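Residues per chain, in single letters:
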Amino acid sequence: MNHSSAKVHTHTAMVTILELEDGDELAGSWSTPDHDRFGTFRLLLKRTPDNRLLWAHYIQAPDGTTGMVMRGVLRHPDELKQLQDTIHRTIRKVTGEELRLEDSDYLASSADGISLRPVQE
């Protein structure tokens with residue numbers, strides 16, 4: 001993914017979740033099954049040219065709006081599992097259910113309409 005200043009948008013709400021600069025890659029995308037009351041919990045991961053891993057976790061409500069966007073940086077790739085486990089515990093507390101993040105073929109587009117997919121490792 002080498003699009004200058006591409007922004008990753010949700011396909012329904014057009015909210016910028018992660019901004020992809022030149023050389024950044026959408027490195028991963030995970031989501032839970034849809035929950036009728038809360039919507040879908042999502043996690044996106046991007047890799048910068050200097051190999052930093054930046055993440056964004058958010059909830060996409062049933063009406064398509066996006067809320068509770070949280071962002072951070074992984075110090076090491078091994079921290080991804082710890083981040084996902086933390087998100088799973090939080091989802092369980094919020095919903096009372098065991099919703100798990102699963103690999104997803106995230107539908108996203110850049111600000112200029114280019115379709116984006118996670119880079120295959």
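Overview of the structure. (Residues numbered from 1 in each chain as written. Predicted model: local features only at pLDDT ≥ 70, side-chain atom pairs only at ≥ 80, totals over all residues. Heavy atoms only, no water.)

## A word on the nonpolar core
Next up, step 1: Within the largest apolar cluster, 15 residues are counted, with the highest numbers of intra-cluster contacts made by Leu 43, Leu 45 and Leu 74.
Next up, step 2: Every element with two or more residues in this core is listed here: strand S3 (25-31), strand S4 (40-47), strand S5 (53-60) and helix H1 (79-95).
Next up, step 3: Dropping the residues within four chain positions of it, Leu 74 is found in contact with Leu 45, Leu 53, Trp 55, Glu 79, Leu 80 and Leu 83.
Next up, step 4: Core analysis: the second largest hydrophobic core is formed by six residues, Ile 17, Leu 18, Leu 44 and Ala 56 among them. (Core = buried A, V, L, I, M, F, W, Y, C linked by side-chain atoms within 4.5 Å. Buried < 20%, exposed > 50% of the residue type's maximum accessible area, 1.4 Å probe, protein only. Helix = DSSP H or I, 4+ residues; strand = E, 2+ residues; numbered from the N terminus. Contact = heavy atoms within 4.5 Å.)

## Observations regarding the environment of Gly 64
Next up, step 1: Assignment of secondary structure puts Gly 64 in the loop between S5 and strand S6 (66-74).
Next up, step 2: Between the alpha carbons of Gly 64 and Gly 39 there is a distance of 8.4 Å; along the sequence they are 25 residues apart.

## What about the pairing of S3?
Next up, step 1: For S3, the tally of buried residues reaches six of seven residues, placing the bulk of the element in the interior.
Next up, step 2: Sheet topology note: the S3/S4 ladder contains six bridges and is antiparallel. Of the residues in S4, the one forming a bridge with Gly 28 is Leu 45.
Next up, step 3: Pairing analysis gives two bridges linking S3 to strand S7 (residues 102-103), with the strands arranged antiparallel. What sits directly across from Trp 30, in S7, is Asp 103. (Pairing = 2+ DSSP bridges.)

## Observations regarding the pattern of salt bridges
It is possible for side chains bearing opposite charge to pair when their charged atoms get close.
Next up, step 1: Taken as a whole and judged by the stated rule, the model has six salt bridges.
Next up, step 2: Residue Arg 52 is joined to Asp 50 by a salt bridge in which the shortest nitrogen-to-oxygen separation is 3.7 Å.
Next up, step 3: Judged by its relative accessible area of 41%, Arg 52 falls in the partly exposed class.
Next up, step 4: The class for Asp 50 is exposed, based on a relative accessible area of 52%.
Next up, step 5: Between Glu 79 and Arg 75 there is a salt bridge, with the nearest N and O atoms lying 2.9 Å from each other. (Salt bridge = Lys/Arg side-chain N within 4 Å of Asp/Glu carboxyl O.)

Honestly, that's just the spatial picture; any functional story needs more than this.
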